Amino acid sequence: MSIVLMSDPRVAAIPVADNGEPLADVRAYGELLLDDRRSDPAYAFAHLRSGVLDRLHHAQSLLPNGLRLLVVEGFRPPALQHRYFEEYAAELRAANPGWSAEELRAQASRYVSPPEIAPHSAGAAVDLTLVNTDGTELDMGTRINANPEESGGACYTLADGLPHQARLHRATLSHALTAARLVNYGTEWWHWSFGDRYWALMTGEPAALYGPTSQQPSDLS
């Protein structure tokens, strides 16, 4: 089954009917653990739309005993999303000077969403993994945020050749989050979203519930 990339015109064509839900703090949900590797001064990364957090809380309840969700990054301000996309695109351009602008955009979108439709900038996407009772991250086959070049494609959720335990751990994560109505971006096992344009396309919804939020990191507490 082919993966629909974030750069696909069908994603951008989804209308947004933002329901106005505020960004909420992951730290207010005691069942969810928060990692600080993507921390920023305003703790923007620790925020998600409240509806997304409610679903993560439900997903946590569906995990086997002894496992916890570890949130690594939620909301990403648009300026930061733009910087990430341009930096990765520049790396790919240097390595593949023969690529057209369209191919470069598509290949970059395997790892960083085009800024204008980015689920993270809508507060709708979360990067996360699983940990055990002592906080140790489970083997998921790659580190979180490993790009396709670094991982040889093993970052793809259904990549071939993964160790047996890594496949099981990914399946456990997927089962809980899918049951909570989040959708995965198939090039990144750790990226899940609810309510954004990609989610709407994948689930057949007529419109996204969340668009890029006007909240700024300084507004968050």
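Our structure is the block above this text.
The rules we used
Residues numbered from 1 in each chain as written. Predicted model: local features only at pLDDT ≥ 70, side-chain atom pairs only at ≥ 80, totals over all residues. Heavy atoms only, no water. Helix = DSSP H or I, 4+ residues; strand = E, 2+ residues; numbered from the N terminus. Buried < 20%, exposed > 50% of the residue type's maximum accessible area, 1.4 Å probe, protein only. Pairing = 2+ DSSP bridges. Expected span 1.5 Å × (residues − 1). Arc of directions from axis to C-beta. Contact = heavy atoms within 4.5 Å. Axes fitted to C-alpha atoms, helices over the stretch in contact; angles between N-to-C directions. Parallel < 35°, antiparallel > 145°, perpendicular 65-115°, else oblique. Left-handed = near helix turned anticlockwise from the far one by under 90°. Nonpolar A, V, L, I, M, F, W, Y, C, P; charged D, E, K, R; others polar. Salt bridge = Lys/Arg side-chain N within 4 Å of Asp/Glu carboxyl O. Phe/Tyr/Trp six-rings, centres within 6.5 Å; stacked < 30°, edge-to-face > 60°.

J.: Please give an account of unusual backbone geometry that cites residues and values.
T.: Located in the positive-phi region is Tyr43, a residue other than glycine, with phi close to 55°. Within the secondary structure, Tyr43 sits in the loop between β2 (33-34) and β3 (47-49). Using a relative accessible area of 26% as the deciding quantity, one classes Tyr43 as partly exposed. Positioned with a positive phi, Arg181 is a non-glycine residue whose angle comes to about 80°. Topologically, Arg181 is positioned in the loop between α6 (164-179) and β6 (183-184). Classification of Arg181 as partly exposed rests on a relative accessible area of 43%.

J.: Got a sec to walk through the pairing of strand β4 (residues 68-73)? Specific residues and values, please.
T.: Extensive coverage of β4 is indicated by the burial of five of its six residues. Where β2 meets β4, two bridges bridge the pair, whose relative direction is parallel. Bridged to Leu34 within β4 is Val71. Pairing geometry for β4 and strand β5 (residues 125-131), over five bridges, is antiparallel. Looking at the pairing, Glu73 lines up with Asp127 of β5.

J.: Go over helix α3 (residues 78-95) with me, naming the residues and quoting the values.
T.: A rise of 1.5 Å per residue sets the reference length of α3, with its 18 residues, at 26 Å; its end C-alpha atoms lie 26 Å apart and thus fit the reference within 8%. Within the sequence span of α3, burial applies to Gln81, Tyr84, Phe85, Tyr88, Ala89 and Leu92. The buried residues of α3 occupy an angular sector of 125° when projected down its axis, which confines them to one face. With respect to the buried face of α3, the exposed residues turned more than 90 degrees away are Ala79, Glu91 and Ala94. Its buried side turned inward, α3 meets β4, α4 (101-108) and α5 (148-151).

J.: Any chance you could break down the packing of helix α2 (residues 50-62) against α6 for me, citing the residues and the numbers?
T.: Think of two packed helices as two axes; the pair is described by the angle between the axes and how far apart they sit. Between α2 and α6, the least distance of the axes is 8 Å, while the angle of their chain directions is 130°. Taken together, the axis directions place α2 and α6 in an arrangement best described as oblique. Here α2 runs over α6; the crossing is right-handed. Taken together, the residues of α6 that come into contact with α2 (itself represented by Leu56, His58, Ala59 and Leu62) are Ala176, Leu177 and Ala179. In terms of residue class, the contact of α2 with α6 is built from six nonpolar, one polar and no charged.

J.: Lay out the sheet that holds strand β7 (residues 191-193) in plain terms, naming residues and giving numbers.
T.: Judged by pairing direction, the sheet is mixed, and its five strands sit side by side in the order β2-β4-β5-β7-β6 without closing on themselves. Where the open sheet ends on each side, the last strands, each with one partner, are β2 and β6. Docked against the sheet, α2 engages β4 and β5, running at close to 145° with respect to β4. Strand contacts of α6: β4, β5 and β7, with the helix running at about 130° to β5, the strand carrying the most contacts.

J.: Got a sec to walk through the pattern of salt bridges? Specific residues and values, please.
T.: Throughout the structure, instances matching the rule amount to twelve salt bridges. The closest approach of N and O atoms between Arg27 and Asp25, which form a salt bridge, is 2.6 Å. The class of Asp25 is buried, set by a relative accessible area of 15%. Residues Glu149 and Arg110 are paired through a salt bridge, measuring 2.5 Å at the closest nitrogen-oxygen approach. Residue Glu149 is located in helix α5, and its partner Arg110 is located in the loop between α4 and β5; the two are separated by 39 residues in the primary sequence. On the basis of relative accessible area, Glu149 is assigned to the partly exposed category, the value being 42%. Taking the relative accessible area as the measure of exposure, Arg110 reaches 10% and is therefore buried. A single network of salt bridges, built from pairs that share partners, joins Arg38, Glu73, Arg76 and Asp127.

J.: Could you give an account of the packing of aromatic side chains, naming the residues involved and the relevant values?
T.: One pass over the structure, following the stated rule, counts six aromatic pairs. Arranged with centres 4.9 Å apart and planes meeting at 65°, the rings of Tyr88 and Tyr111 form a pair that is edge-to-face. With Tyr88 in helix α3 and Tyr111 in the loop between α4 and β5, the pair connects residues that are 23 residues apart, well separated along the chain. Judged by its relative accessible area of 21%, Tyr111 is partly exposed. Each member of the aromatic cluster is reached from another via a ring pair, and the members are Phe194, Trp199 and Tyr210.

Don't take any of this as a statement about function, it's just geometry.
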